[in-house]
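Fold and contact review
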Amino acid sequence: MDDKKRPLALHYQKPIPYTHHYIDQKDIVEVTSVLKSDWITQGPKIREFEQKLANYVGTKYAVVFSSGTAALHGACAACKIGPGDEVIVPTLSFVASANCVLYMGATPILVDIDSDWLTIDIKAVEKKVGRNTRAIIGVDFAGLPAKWNLLRRIADKNKLILIDDASHALGSKLKNKRIGSIADLTVFSFHPAKIITTGEGGAVTTSNKIFYERLLRFRHHGILKNEKLNKKYGAWYYEVQDVGYNFRITDFQAALGISQLTKIDKFIKTRRRIWQKYNHAFSRIDELILPREQNGCFCAWHIYPIRLNDRAKKSRRQVFDFLRKAGIGVQVHYIPIHLFNLYKHKFGYKRGDFPVTEKYYDSALTLPLFPALKLAQQDYVIRKVKEVLK
Ligand SMILES: *Cc1c(COP(=O)(O)O)cnc(C)c1O
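Now for the overall build of the protein. Helix and strand content of the protein: 14 helices and 17 strands. Taking 2.2 N^0.38 as the reference for a compact globule, 390 residues should give roughly 21 Å; the C-alpha atoms of the protein span a radius of gyration of 21 Å, in line with that estimate. Along the first, second and third principal axes, the C-alpha set of the protein runs to 75 × 55 × 35 Å. Every one of the 390 residues in the protein was classed for burial, and the buried ones make up 58%. Residue pairs at least 24 apart in sequence account for 70% of intrachain contacts in the protein once pairs closer than 6 positions are excluded. For the protein, the centre of its 62 positive side-chain charges and the centre of its 37 negative side-chain charges are spaced 2 Å apart.

In structure tokens, the structure reads:
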């Protein structure tokens, strides 16, 4: 985006964060108009946001939630995953990708990643599919689509449900099909770090009506309310069908989501431009592995993760600390799930279990990439990375 058109207040000259939301005047107008209306929650903006989102990804339905984590929980509940069930999850992800399986009393079976795609390793999945496997949660890491065609083949053969944790990947495509319409259930996050934001928020997209109805009930106390029940028992009547929660999002957040969605093409264009600029600038540093798009993939680039290779003379820690000292808010995505105490103690995972992910984790570093990142800031990041690796 043009520097001139960048948002109003950017209070982050230093350090430059690895990500930042983009809120403009139009977003603010849309939100405040809902705040002045009769419905600040459970009103018409929810359904409007859901329809626009479903339309954008190409599904029949979308259900918006109070967070991406609540949406992941909802997706698992919609599949009726429960105790005794196993769900296969890549260990390179944010911990919520696996925690949602724990919420259901089921067992997450962690697996390694493919070193080129940075997404779930297909051979590892095949090895772990067993009698109790119910679903596979693929993660579109950094916005890079998992190998959904191969996952679909495994799922069909073994009667498994495919859940896509696409928290990074709103707007990404695989073979011209938009993420959101490929898995049976796809989860998005609208946390400010992600492609579009509602403050906190998330969604599940699906074209399956049974899943859709379960998701609506799950979000709202398991309540079932319809005309048939009202006619029979009275206008006040509703049934409670299953265990649900209050995982609703507000109408003013939905209004922000609608407004953000009108800008998504520009957001992604800018993200892709910065990705290309970085890749070009770093192409001759032979100590780095740069993030690449695999064949048939179109990536929205939620983050820009680089890796130090075996030729690097400095450690990742040294490079990280140098850049942080230079006012660049680099990050590491992610600490592998199997290395957290919860997973080590509960399931006996240990270092050495997933060598590809561990090697990735030991060498990775996320540089700033977001639509409001100024050209001068991009150049500064490039200069400092070259300086520390020279
Ligand atoms: C952000 C994120 C989530 C959680 O989303 P929230 O909206 O923060 O709850 C889940 N999985 C992945 C991969 C994420 O990046």
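Taken together, 15 residues sit near the ligand, with Gly68, Thr69, Asp165, Ser189 and Lys194 positioned nearest. Here Tyr334 contributes a side-chain N or O atom positioned 3.2 Å from an oxygen atom of the ligand. Taken together, the elements giving at least two residues each to the shell around the ligand come down to helix 3 (68-78) and helix 4 (96-103). The element best represented in the shell around the ligand is helix 3, accounting for three residues.

Turning next to the domain arrangement of the protein. What the domain assignment lists for the protein is domain 1 (22-261) and domain 2 (264-389). One C-alpha centre belongs to domain 1, the other to domain 2; they are set 26 Å apart. Between domain 1 and domain 2, the contact holds 41 residues from the first and 38 residues from the second. Roughly 3,400 Å² of surface becomes buried between domain 1 and domain 2 when both sides are summed, with 68% attributable to carbon and sulfur atoms. On the domain 1 side of the interface with domain 2, the three residues burying the most area are Thr91, Leu110 and Ile195, jointly 17% of the side's total. Joining domain 1 to domain 2, the criterion identifies zero salt bridges. On the surface where domain 1 and domain 2 come into contact, there are 16 residue pairs in polar contact (both at pLDDT 80 or more). Broken down by secondary-structure element, the contributors of at least two residues to the side of domain 1 that touches domain 2 are helix 4, strand 4 (107-111), strand 7 (173-174) and helix 9 (251-261). Here the element with the most residues in the side of domain 1 that touches domain 2 is strand 4; it accounts for five residues. For the side of domain 1 that touches domain 2, a count of residues per class yields 25 nonpolar, 10 polar and six charged.

The next point concerns the sheet that holds strand 13 (residues 288-289). Spatial ordering of the open sheet is given by 13-15-17, a layout of three strands whose pairing is antiparallel. Because the sheet does not close on itself, it has two edges, and the strands there are strand 13 and strand 17 (364-367). Across two bridges, strand 13 lies against strand 15 (residues 304-308) in antiparallel orientation. The residue bridging Ile289 from the neighbouring strand is Arg307, located in strand 15. Relative to the sheet, helix 10 (residues 264-282) contacts strand 13, strand 15 and strand 17, its axis offset from that of strand 15 by approximately 20°.

A few words now on the packing of helix 3 against helix 4. Two numbers describe how helix 3 lies on helix 4: the axes approach to 9 Å, and their chain directions differ by 45°. When the interaxial angle is binned, helix 3 and helix 4 end up oblique. Classified by chirality, the crossing of helix 4 by helix 3 is right-handed. Residues Thr69, Leu72, His73 and Cys76 of helix 3 touch helix 4, and the partners they reach there are Ala96, Ser97, Cys100, Val101 and Tyr103. Of the residues in the contact of helix 3 with helix 4, the class split is six nonpolar, three polar and no charged.

So, about the side chain of Thr250. When you line up the elements, Thr250 lands in the loop between strand 12 (239-240) and helix 9. Taking relative accessible area as the criterion, Thr250 reaches 18% and is therefore assigned buried. A polar contact is formed between the side chain of Thr250 and the side chain of Gln253, at a distance of 2.9 Å. Beyond its immediate chain neighbours, meaning those up to four positions away, Thr250 contacts Ile40, Thr41 and Ile46.

Analysis parameters
Residues numbered from 1 in each chain as written. Predicted model: local features only at pLDDT ≥ 70, side-chain atom pairs only at ≥ 80, totals over all residues. Heavy atoms only, no water. Helix = DSSP H or I, 4+ residues; strand = E, 2+ residues; numbered from the N terminus. Rg over C-alpha atoms; globule rule 2.2 N^0.38 Å. Buried < 20%, exposed > 50% of the residue type's maximum accessible area, 1.4 Å probe, protein only. Contact = heavy atoms within 4.5 Å. Lys, Arg positive; Asp, Glu negative; His and termini not counted. Charge placed at Lys NZ, Arg CZ, Asp CG, Glu CD. Near = heavy atom within 4 Å. Polar contact = N/O pair within 3.5 Å; in protein donor to acceptor, adjacent residues only side chain to side chain. Domains from an automatic or database assignment. Buried area = accessible area lost by both parts, 1.4 Å probe. Salt bridge = Lys/Arg side-chain N within 4 Å of Asp/Glu carboxyl O. Nonpolar A, V, L, I, M, F, W, Y, C, P; charged D, E, K, R; others polar. Pairing = 2+ DSSP bridges. Axes fitted to C-alpha atoms, helices over the stretch in contact; angles between N-to-C directions. Parallel < 35°, antiparallel > 145°, perpendicular 65-115°, else oblique. Left-handed = near helix turned anticlockwise from the far one by under 90°.

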